[in-house]
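What follows is each chain in one-letter form.
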Amino acid sequence: MPGREHFAPGLTAENCKMSEAAKLAVIGTVAIDQVETPFGKRERVFGGSASYFSYAAGLFTPVALVAVVGEDFPEEYRGILAERPVDMTHLKTLPGKTFCWKGQYGNDLNTAKTLETQLNVLLKFKPELTFKTQPKYVFLANIDPALQLDVLNQLDRRKLKYVACDTMNFWIENKRAELLKVLARIDCVVLNDGEARQLTQEPNLIRAAQKVRAMGPGHVIIKKGEHGVLLFYNHEFFALPAYPLENVFDPTGAGDTFAGGLMGSLAASGDLSFASMKRSVALGQIVASHTVEDFGLEALRRISQDNIRERLEIFKRFCSF
Ligand code: AMP
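If you're wondering where the values come from, they're calculated on a predicted model, not measured in any experiment. (Residues numbered from 1 in each chain as written. Predicted model: local features only at pLDDT ≥ 70, side-chain atom pairs only at ≥ 80, totals over all residues. Heavy atoms only, no water.)

*Asks:* Any chance you could explain the pattern of salt bridges here in plain terms?
*Replies:* Side-chain pairs of opposite charge can arise whenever the charged atoms involved come near each other. The final tally for this structure, using the stated rule, is 16 salt bridges. For Lys211, the salt bridge goes to Glu202, with nearest N and O atoms at 3.8 Å. Judged by relative accessible area, Lys211 falls into the partly exposed class, the value being 39%. With a relative accessible area of 12%, Glu202 lands in the buried category. A salt bridge links Glu313 to Lys316, with the shortest nitrogen-to-oxygen separation between them at 3.4 Å. Of this pair, Glu313 and Lys316 both sit in helix 11 (residues 305-319), three residues apart, which is roughly one turn of that helix. Residue Glu313 is classed as partly exposed on the basis of its relative accessible area, which comes to 31%. (Salt bridge = Lys/Arg side-chain N within 4 Å of Asp/Glu carboxyl O. Buried < 20%, exposed > 50% of the residue type's maximum accessible area, 1.4 Å probe, protein only. Helix = DSSP H or I, 4+ residues; strand = E, 2+ residues; numbered from the N terminus.)

Listed below in structure tokens is the structure:
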């Protein structure tokens with residue numbers, strides 16, 4: 001199968017030697033979420049941008065997780081992360097409570113309404129990178145842009161191959177200056193359509209992407225929920241629909257696991273060409289399509305790389321003409 005080498009068959013924490021340094025690192029939130037969708041409500045769900053990202057990226061390559069939790073962080077959640085090759089050396093525990101997000105979705109499952117954000121230990125977090133071998137691929141997942149900058153400042157740019165970032169309305173509103181500094185120093189940004197419009201004050205997404213590119217990143221990816229994704233790769237363009245699903249249960253984590261699939265695939269292949277980017281975007285879409293089929297990480301925990309391959313083959317048929 002072409003591109004099969006992008007997968008590392010049966011990659012698990014057990015058979016992946018974490019002594020082999022992870023090529024990919026992520027900084028982001030590890031959270032305890034409260035989520036309400038039209039199909040049900042969960043009081044405590046394991047979430048956070050970096051948790052979702054690393055679990056998804058771990059389907060393709062080992063990933064180093066840089067994050068903070070409080071003393072209330074359940075051991076069980078650590079066990080979930082350990083199901084994949086996630087290096088938790090940089091997962092710090094601080095006195096206090098874990099970051100907590102309360103979100104709600106109405107009938108429009110593309111838009112989450114934030115009911116409450118409790119930053120908790122995130123307010124005291126000072127990431128300290130102690131990598132023996134610096135990862136070449138870095139994802140600055142949704143977190144305070146001041147922390148994204150802090151991580152960037154600790155990395156040797158000459159050893160980096162690709163840095164991408166994500167953000168959300170909360171930070172665009174509250175930390176715009178810091179966010180612009182991050183954007184000026186990265187290769188790729190992943191935003192949803194609302195965030196792209198908010199960041200640029202531009203209703204048209206094609207123009208919005210051009211404005212984001214002018215802020216720094218050569219590659220801009222705009223996610224449009226159930227309507228798919230747009231990739232602006234330097235001066236090239238590519239669009240994909242979302243994988244068609246009849247049952248979308250909880251969209252939380254779709255964006256983070258999309259990014260996990262994308263970056264995991266790029267880091268595993270080491271190929272940053274337009275063709276590889278398109279394939280990685282498709283893989284991200286497939287991983288996200290599994291995420292939304294259950295609460296939290298539950299659906300992703302049930303799948304293997306075979307399930308991803310199967311959907312990828314079907315998706316290719318849907319998208320080519
Ligand atoms: P998404 O992939 O966009 O659905 O991301 C959902 C995750 O983002 C949830 O598990 C939340 O814990 C996390 N989250 C929500 N708000 C923030 C925030 N302001 N900063 C970082 N992470 C957040």
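*Asks:* Help me understand the nonpolar core in this model?
*Replies:* As a rule of thumb, soluble globular proteins bury nonpolar side chains together. Grouped together as the largest cluster of nonpolar side chains are 59 residues, with contacts concentrated most on Val30, Phe53, Leu65, Phe139, Ile221 and Met263. With eight residues, helix 9 (residues 274-291) is the largest single contributor of residues to this core. Judged by nonpolar contacts, the second largest core, of 45 residues, contains Val45, Phe99, Phe125 and Leu140. (Core = buried A, V, L, I, M, F, W, Y, C linked by side-chain atoms within 4.5 Å.)

*Asks:* Sorry if this is basic, but what is going on with the site of the ligand here?
*Replies:* Every one of the 18 residues lining the ligand counts as a neighbour, but Asp33, Gly48, Asn142, Gly253 and Asp256 are closest to it. Between the ligand and the protein, one listed contact pairs a nitrogen atom with a side-chain N or O atom of Thr29 at 3.0 Å. Between an oxygen atom of the ligand and a main-chain N or O atom of Gly255, the distance comes to 3.1 Å. Protein chains bury 90% of the 520 Å² of accessible surface belonging to the ligand in isolation. If you list the elements that add at least two residues to the shell around the ligand, you get strand 2 (31-37), strand 7 (99-104), helix 4 (169-174) and helix 8 (254-269). Among the elements that take part in the shell around the ligand, helix 8 stands out by supplying three residues, more than any other. Grouping the amino acids of the shell around the ligand by side-chain chemistry returns nine nonpolar, seven polar and two charged. (Near = heavy atom within 4 Å. Polar contact = N/O pair within 3.5 Å; in protein donor to acceptor, adjacent residues only side chain to side chain. Areas by Shrake-Rupley, 256 points an atom, 1.4 Å probe, with all protein chains shown as cover. Nonpolar A, V, L, I, M, F, W, Y, C, P; charged D, E, K, R; others polar.)

Any link to function would need more than the numbers given here.
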